[in-house]
Amino acid sequence: MSRRALPTLIALVLAGLWGAGLGFAHWRGDMAFLDRFEATMTDLRTLFRGPATPPELITIVAIDDEAVRHEGSYPLSRATLARIVDTIGRLGPKAIALDLLLVDPGAKDNDEALARSLGGSRSVIAAAAVYPGGRQWTLGEGPLARVPDAERFLWPLKAFSDAAAVGVVNVITDRTGTPRFVPLLFRAADRLEASFSLRVATVAAGEDPEIAPDHLSLGGRSIRTDIGHILPLAFYGPRGTIRTISAATVLDGQLDPGIIRDRIVLIGATATGTGDVFPTPFDPVLPGVEVMSTAIAHLMTGDGIVRDRSVRLADAGFAVVLPMLLVGLLAWRRNASGLAAVAGVVLLWVVVNMTAFSHHIWMSAALPITAAVPPAILFGAAQLWLGRSRAQFFATQSQLLQRVEAPGMGEWLARHGDFLSDPVRGDAAILFIDLSGFTGLSEIVGPIATRELLNSFHALVDEEVTSCGGVVTSFMGDGAMILFGLPQPSANDAFNAARCCVGLSSRTNIWLASLPASTASRLGFKIGAHHGTIVASRLGGEGRQHIAAIGDTVNVASRLMEIAADHNAEVAVSDEMLEAAGRDCALFKSGSLRGPVETQIRGRSGLLAIWFWQSARTPQ
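Residues numbered from 1 in each chain as written. Predicted model: local features only at pLDDT ≥ 70, side-chain atom pairs only at ≥ 80, totals over all residues. Heavy atoms only, no water.

## Considering the overall build of the protein chain
Quick reminder of the rule: Strands are runs of DSSP state E lasting at least 2 residues, helices are runs of H or I lasting at least 4, and numbering of each runs from the N terminus. Should any heavy atoms of two residues lie within 4.5 Å, those residues are considered in contact. The accessible surface values rely on the Shrake-Rupley method and a 1.4 Å probe; as for residues, cover is taken only from the protein chains in view.
From N to C terminus, the protein chain includes 20 helices and 25 strands. Put simply, of all contacts in the protein chain between residues at least 6 apart along the chain, 74% involve residues at least 24 apart. In the structure as shown, the protein chain presents an accessible area of about 29,000 Å², 56% of it carried by carbon and sulfur atoms.

Structure representation (structure tokens):
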């Protein structure tokens, strides 16, 4: 065996063992440290797949702002809920489910009325699991080791639980708060309870499910589940994708019987400020009742994504094969053709992964990448050390890989290597800009045109921000987060941020006007600006880090985009921001500035004084 063949063989064996170890841990469900990466990759694949058509068998009756105005208070009284349940029940639904926690007693007559209404129909109400130490879920031991282990359950009042079936509404979210799974079973001590979604599906199907370790059977259909009897979620689209009507329509007697008869009807709160919302790939504030509806639809139709032991075994196979292939190709050709072969293998794996996802098979993206990248990098580094003639090439690649994400920070970091190694607290101006209507447009124009639009938009944002002395900390699809105050804070940060608001508005309007009318008519934009205290730091591991700013100031600036859209303004800017920028800032010098308006910021207590700015070229 040649001197070159032996090291290659050793590298192949080590790469295969590394992948096999990771694959085995993944097959057992012990790779939680990859969840955040996998969540990001799953969101990207979901967005690439696009919205899907939900099944017709579910109707959501939303306790929305209109219903609250109709009744004059929130939460709705038990008597009002009883009227809603009675009205729906007379129209012959398969099941009525209340995604509401009825744990506190109300007026006796009202509670009795609601209990009678629930008892007069096939109904399901919600319970909740409470976990020790506030943890989302814990794992026990024994045959049900992977079933979420709660400390206790918050159970509805006995009058209600005697009249209706009860299911646990908790979901499993990732670190961003996005729901990824719905557990079908929960346990607390020696008590085992069904989830809300499973209980609703059972009542609607009129039969009990048969639960096996990796699937359940319901209504003649086999639903494959992941480890611990959890059901992966595949969202259909943004809020309202699943048919939704206002509870006010039911109370006014204007309900269409056709959307109730032989349907599963979920009653849940979507009114502003109720707090029962979750971020998803399609919508940052999807109501919890739509999350429950999605899980129920998966159980009733089998249209969810599949991730079970078999899929995990296939993931483990890719974790073994992919790193061995990459190492073998790097050893086969130490030139451009070898790199092209590596790129071809990676592209083929991406195509297989995306194709499987589009066919409702959730294969891991994080695991094969984690299995393949370290061996490939290590083997490449060894080749670099052995082949000195390629040293400059690999050094260039290393520099490229070590670039920071935030534009304009490279030179500063080169001179100050310990910059933000410890978190820094200080005042800064934060801007968010986002295109409205872009998601719907991207479905129409296709990925190539979408990419061109994003490229041109990102370019103008980057140019304007750089000219004003700011830093784009991240581009988030059709939006961007902008910071004034790094790498060094300045007394002019807010002033420059105000100038950037005006400049971005002007350039974005010009850019929109340059687009074809069919495209420009579908697009708009909104900007949120706030000034206050942030915490800037590096996030990530030793091998890869990025600059991030966190804190209430960042959250408020992001929420101000929604406020701008609600008030038909291009820019929503806080009073703190204008005060820091001064009367000589660009927001006072051009366009139309109105305010302040005391406004409630979603997710934040108290009111905030907000100003609204509109450029002269855009009608108010």
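## A short note on the state of the cysteines
Counted only if it meets this: We call a pair of cysteine sulfur atoms a disulfide when they lie within 2.5 Å. We call a residue buried when its accessible area falls under 20% of the maximum for its residue type, exposed when it is over 50%, and partly exposed in between, using a 1.4 Å probe and counting protein chains only.
With the rule as written, the count across this model stands at 0 disulfides. Free cysteine Cys468: the closest other cysteine sulfur is in Cys500, separated by 4.4 Å. Judged by its relative accessible area of 2%, Cys468 falls in the buried class.

## With respect to the sheet that holds strand β6 (residues 172-173)
Keep this limit in mind: Paired strands, in this sense, are two strands between which DSSP finds at least two bridges. Orientation is described by axes fitted as lines to C-alpha atoms, over the contacting stretch for helices, and by angles from 0 to 180 degrees between their N-to-C directions.
What the 3 strands build is an open sheet, ordered β6-β7-β13; its pairing is antiparallel. Two strands bound the open sheet, and with one partner strand each, they are β6 and β13 (230-232). Running over the sheet, helix α9 (residues 288-301) touches β7 (179-183) and β13 and is turned about 100° from β13.

## Brief notes about the pairing of strand β23 (residues 571-574)
Where burial is concerned, the two faces of β23 agree: the one with Val571 and Val573 and the one with Ala572 and Ser574 are both buried. Of the pairings in the sheet, the one linking β23 to strand β25 (residues 607-614) comprises 4 bridges and is antiparallel in character. Bridge pairing in β25 places Ser574 opposite Ile610.

## Focus: empty space enclosed by the protein
Going by this rule: The rule is simple: put a 1 Å grid over the protein atoms alone, call a set of points where a 1.4 Å probe fits but cannot get out a cavity, call an open set with protein on both sides within 12 Å along at least five of seven lines a pocket, and count a residue as lining if it has an atom within 4 Å of a point. Grid points are joined across faces, edges and corners, and a volume is the space filled by probe spheres set on the points. Each residue gets one of three labels, nonpolar for Ala, Val, Leu, Ile, Met, Phe, Trp, Tyr, Cys and Pro, charged for Asp, Glu, Lys and Arg, and polar for the others, Gly among them. Throughout, the edges of the domains are those of an automatic or database domain assignment.
As enumerated under the stated definition, the model contains 2 cavities of 30 Å³ or more in all. Of the pockets and cavities examined, the largest cavity occupies roughly 90 Å³. Taken together, Thr42, Thr46, Arg49, Pro179, Arg180, Leu233, Ala234, Phe235, Pro281, Ile305, Phe357 and Trp362 form the lining of the largest cavity. When residues in the lining of the largest cavity are grouped by element, the largest group, 3 residues, is from helix α2 (residues 35-49). Counted by class, the lining of the largest cavity contains 8 nonpolar, 2 polar and 2 charged residues. Residue contributions to the lining of the largest cavity reach at least three from each of two domains, namely domain 1 (1-55 + 305-400) and domain 2 (66-302). Approximately 40 Å³ is the volume found for the second largest cavity.

## Quick look at the UniProt feature "transmembrane region" (unreviewed entry) in the protein chain
Cut-off, in case you're wondering: UniProt positions are given in the numbering used here, feature names are shortened, and annotations may be inferred rather than shown by experiment.
The UniProt entry lists residues 313-332, 339-359 and 365-386 under the feature "transmembrane region" (unreviewed entry), expressed in the numbering used here. Overall, residues 313-332 shows 100% helix and 0% strand. The separation of its end C-alpha atoms is 29 Å. Annotation note: span residues 339-359, helix share 95%, strand share 0%, distance between end C-alpha atoms 30 Å.

## Here's the deal with the pattern of salt bridges
Heads up, the condition is: Any Lys or Arg side-chain nitrogen located within 4 Å of an Asp or Glu carboxyl oxygen qualifies as a salt bridge.
The full count for this structure, using the stated rule, is 17 salt bridges. A salt bridge links Arg191 to Glu193; the nearest nitrogen and oxygen atoms lie 2.6 Å apart. Since its relative accessible area comes to 37%, Arg191 is described here as partly exposed. The exposure class assigned to Glu193 is buried, which follows from its relative accessible area of 11%. The shortest N-O distance in the salt bridge between Arg199 and Glu193 comes to 4.0 Å. Residue class for Arg199 comes out partly exposed when judged on its relative accessible area of 27%.

## With respect to helix α1 (residues 5-28)
Applicable threshold: In this analysis, the expected span of each helix is defined as 1.5 Å times one less than the number of residues it contains.
Compared with the 34 Å implied by 1.5 Å per residue over 24 residues, the 35 Å span of α1 between its first and last C-alpha is a close match. Three or more residues of α1 are buried, namely Thr8, Ala11, Ala15, Gly16, Gly19, Leu22, Gly23, Ala25 and His26. Where α1 terminates, the next one or two residues include Gly29, which has phi positive at roughly 85°.

## Focus on the packing of helix α7 (residues 196-205) against α9
Selection rule: Should an angle fall under 35 degrees it is called roughly parallel, over 145 degrees roughly antiparallel, and 65 to 115 degrees roughly perpendicular, with every other angle called oblique. Throughout, a crossing is termed right-handed when the near helix is turned clockwise from the far one, and left-handed when it is turned anticlockwise from it by less than a right angle.
At their nearest, the axes of α7 and α9 sit 9 Å apart, and the two run at 50° to each other. Comparing the axis directions of α7 and α9 gives the class oblique. Here α7 and α9 pass one another in a crossing that is right-handed. The segment α7 lies against α9, with Phe196, Ser197, Leu198, Val200, Ala201 and Ala204 engaging Met292, Ala295, Ile296, Leu299 and Met300. In terms of residue class, the contact of α7 with α9 is made up of 10 nonpolar, 1 polar and no charged.

## Examining the pairing of β25
Most of β25 sits inside the fold, with 7 of its 8 residues counted as buried. As defined by bridge partners, strand β24 (residues 592-600) adjoins β25 across 7 bridges and the pair is classed as antiparallel. The residue bridging Arg594 from the neighbouring strand is Phe612, located in β25. A loop of 6 residues connects β24 with β25, the two strands running antiparallel in sequence, and Gly603 in this loop sits at a positive phi of about 80°.

## Quick look at the sheet that holds strand β10 (residues 210-212)
Taken in spatial order, the 3 strands make up an open sheet running β10-β11-β12, and their pairing is antiparallel. Both edges of this open sheet fall to β10 and β12 (221-224), since each of them pairs with a single strand only. Direction aside, neighbouring strands of the sheet carry axes that sit 20° apart on average. Each of β11 (215-218) and β12 touches α9; the most contacted strand, β12, lies at about 130° to it.

## Notes on the confidence of the model for the protein chain
When pLDDT drops low, the exact placement of atoms in the prediction is not to be read closely. Rule in force here: A residue's pLDDT is the predictor's confidence in that residue, given on a scale from 0 to 100.
Looking at the protein chain, pLDDT values average 87 and 90% of them are 70 or higher. pLDDT under 50 marks residues 389-406. Its contacts with residues more than four places away, or in other chains, come to 18 contacts.

## Here's the deal with the environment of Gly582
Inspection of the secondary structure puts Gly582 in the loop between α19 (575-581) and α20 (586-589). In this structure Gly582 comes out as partly exposed when scored by relative accessible area, which is 22%.

## Brief notes about the side chain of Asp174
Put simply, the test is: The term polar contact refers here to a pair of N or O atoms within 3.5 Å; inside protein, the definition further demands a hydrogen-donor-capable atom paired with an acceptor-capable atom, and it admits residues adjacent in sequence only when both atoms are side-chain atoms.
Here Asp174 is to be found in the loop between β6 and β7. Here the side chain of Asp174 touches Arg180 through a polar contact of 2.8 Å, side chain to side chain. Other than its neighbours up to four places away in sequence, Asp174 contacts Ala39 and Arg180.

## Examining the packing of aromatic side chains
As a reminder of what qualifies: Each Phe, Tyr or Trp ring, with Trp reduced to its six-membered ring, pairs with another whose centre is within 6.5 Å; inter-plane angles below 30 degrees give stacked pairs, above 60 give edge-to-face pairs, and intermediate values give tilted ones. The rule for a charge over a ring is simple: NZ of Lys or CZ of Arg within 6 Å of the ring centre, and within 35 degrees of the ring normal.
Across all of its chains, the model carries 4 aromatic pairs by this definition. Each ring, one from Phe24 and one from Trp27, has its centre 6.3 Å from the other, and the planes form 25°; the classification is stacked. Taken together, the residues span about one helical turn, with Phe24 and Trp27 both in helix α1 at a distance of 3 residues. Overall, the relative accessible area of 32% leaves Trp27 in the partly exposed class. Above the plane of the ring of Trp362 lies Arg307, whose end atom (NZ or CZ) is 4.5 Å from the centre.

## So, a nonpolar patch on the surface
Note the threshold: Note on patches: the residues involved have over 30% relative accessible area and no salt bridge, like charges join within 9 Å, and the nonpolar side chains Val, Leu, Ile, Met, Phe, Trp and Tyr join within 5 Å.
A grouping of Leu6, Leu9, Ile10, Val13, Leu14 and Leu17 is seen on the molecular surface, where their side chains present a nonpolar patch of about 550 Å² in accessible area. Counting through the fold element by element, Leu17 comes out in helix α1. Judged by its relative accessible area of 56%, Leu17 is exposed.

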